[in-house]
Amino acid sequence: MLNQDEIKSILDKIMSMSKADETEAVLGSYRSSLTRFAENHIHQNVSQDDVYLSVTAILGNKMGEASTNKIDDESIKRTVESATEIAKLAPPDEELLPRLGAQKYQEVQAYDPEINELTPMDRARAVADVVHACEKNGLNSAGAFSDSSQIGALSTSKGLFACYQRTNINFSASAMGDDSSGWVERSSHKRADIDAKALGQIAIEKALTSKNPKEVPPGNYTVILEPDAVSELVMFMLGGFNALAIDEGRSYLTDKMGQKIVGDYINLTSNPYHPLYQGRPFDGDGVPTKKVELIKNGVAQNLVYDRLTAKKHGLEPTGHGGGGRNTYGAYPTSTVMEGGKSTLEEMIASTDKGILVTRFWYTNIVDPMKVIVTGMTRDGTFWIENGKIAYGIKNFRINQNVLDMLSNVEMMSEPVVSGEMVLPAMKVRDFHFSSGSDAI
């Protein structure tokens, strides 16, 4: 992998080489390794180490882009020249903004050198622990153990240089019986956060507890959603905070900013500086990413802006733009939902009758203007009675308004990382299960 000094040297070379009016370049280097397992044995171990380079050349109000994964001098020169030639042939863009100069960025700590020390044998031993535990319990296992490291930088001919380095480790496991299954997944930028053996045990316990599932009729129930289930639904509401989507009337928040849209206890921010996640501190244009309060005490508070939309409104961009030929607008990355002090066990104990959901899958938006989402439960759906998990139940299909869900939250846990979000588990009343599902 390249280091920051090597990346800076190559980007400086590109700027001196380009004859365009303005030049922008993105250069990154990454390494990723993956061990997959299924049917209680490892069936794949792969590793990739590569670089990527994208050069943008601007001539007046015309822009051209070219990319490569080769960084020898001849390939770099050819990429720069290709971007310039494309710019000459491109149609004029009256909304094209000038590239940015030097910026100041808040420091983040998303790199753990211990992740780079992981070997295929380390991953194999971790997988073996889970496989053997599944075999002892008469279960089949499947999943993946991956680790990666990346460094990427953006530079302009006006003096901007932005660099971000990150490591990631991810472990997922499914434990499957004849009529039941359990699942778990965790990811982090720190190696110490992932204990594959302990995580595998969670999947096993879910599979064992959900054996011989009973059928429960569809309807509205009190539900306890684990963080992965919450993230599968909340992600569908994030695009509504895009200021361009408001301008174009394609956001459910049109004419609702400053109004209460969910329950009083819901606070949602876009915050790449949260200690659990530590996201990239700049966007695709090099704009420093601000922490933005999206929802405060249930009220739709703020939007995120790319450079062009911000200019049209006479505002500062928030650092959430996609960069390049971005026509979508901005997106609230590194979203964080504040949680509560309740544990999952306390939520279960407080529930007379209800349903515990591990996760959803095949989720899709039904009505984006109402944030109604459909999908199915999977890998551990349980009936709760008298404050205890009574038995596993057959899976459901859902049709749920996410805003209604967040208006009916009764309890929340401390937040954890789920995907690219930080979210709590939550207890919700009147959650809508529309029909049964034959999926295990």
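Described below are features of the structure shown in this document. Here the structure is a predicted model, which is why all the values come from computation and not from measurement. (Residues numbered from 1 in each chain as written. Predicted model: local features only at pLDDT ≥ 70, side-chain atom pairs only at ≥ 80, totals over all residues. Heavy atoms only, no water.)

### Focus on helix α5 (residues 196–209)
The terminal C-alpha atoms of α5 lie 20 Å apart, and with 14 residues this matches the ideal 20 Å at 1.5 Å per residue to within 8%. Three or more residues of α5 are buried, namely A196, L199, G200, A203, I204, K206 and A207. All buried residues of α5 lie within an arc of 160 degrees about the axis, which places them on one face of the element. On its buried face, α5 sits against α4 (120–136), β5 (161–176), β6 (181–188), β12 (353–367) and β13 (372–385). Its side-chain oxygen 3.3 Å from the backbone nitrogen of K197, D195 forms the N-cap of α5. (Helix = DSSP H or I, 4+ residues; strand = E, 2+ residues; numbered from the N terminus. Expected span 1.5 Å × (residues − 1). Buried < 20%, exposed > 50% of the residue type's maximum accessible area, 1.4 Å probe, protein only. Arc of directions from axis to C-beta. Contact = heavy atoms within 4.5 Å. Polar contact = N/O pair within 3.5 Å; in protein donor to acceptor, adjacent residues only side chain to side chain.)

### A word on the layout of surface pockets
In this structure, the largest pocket occupies an estimated 1100 Å³ of space. Looking at the largest pocket, it is lined by 47 residues, and the ones nearest its centre are Q150, R166, Y277, G419 and E420. Element by element, the count of residues in the lining of the largest pocket is highest for strand β4 (residues 140–156), at six residues. Considered class by class, the residues forming the lining of the largest pocket number 17 nonpolar, 21 polar and nine charged. Size it by volume and the second largest pocket reaches roughly 500 Å³. If you trace the second largest pocket, you find 26 residues lining it, with R186, K206, E226, L344 and E345 closest to the centre. Those elements giving two or more residues to the lining of the second largest pocket turn out to be β6, α5, α6 (227–238), α9 (344–349), β12 and β17 (416–418). Residue classes in the lining of the second largest pocket are distributed as 12 nonpolar, six polar and eight charged. (1 Å grid on protein atoms, 1.4 Å probe; cavity = no way out; pocket = protein on both sides within 12 Å on 5 of 7 lines; lining within 4 Å. Points joined across faces, edges and corners; volume = space filled by probe spheres on them. Nonpolar A, V, L, I, M, F, W, Y, C, P; charged D, E, K, R; others polar.)

### Structural notes on the sheet that holds β6
Read across the sheet, six strands follow the order β3-β2-β1-β4-β5-β6 without closing on themselves; strand pairing throughout is antiparallel. Two strands close off the open sheet at either side, each with one partner strand: β3 (62–68) and β6. Shown here is a sheet whose adjacent strand axes are inclined to one another by a mean of 15 degrees, direction ignored. Its contacts with the sheet place helix α1 (residues 4–17) against β1 (22–38), β2 (41–59), β4 and β5, and it is angled at close to 140 degrees to β1. (Pairing = 2+ DSSP bridges. Axes fitted to C-alpha atoms, helices over the stretch in contact; angles between N-to-C directions.)

### Some words on the packing of α1 against helix α2 (residues 73–89)
The geometry of α1 relative to α2 is characterised by a closest axis approach of 10 Å and an angle of 50 degrees between their N-to-C directions. The orientation of α1 with respect to α2, classified from their angle, is oblique. Handedness of the α1/α2 crossing: right-handed. On the side of α1, the interface is formed by I10, K13, I14 and M17, while α2 contributes D73, I76, K77 and V80. When grouped by side-chain class, the residues that make up the contact of α1 with α2 number five nonpolar, no polar and three charged. (Parallel < 35°, antiparallel > 145°, perpendicular 65-115°, else oblique. Left-handed = near helix turned anticlockwise from the far one by under 90°.)

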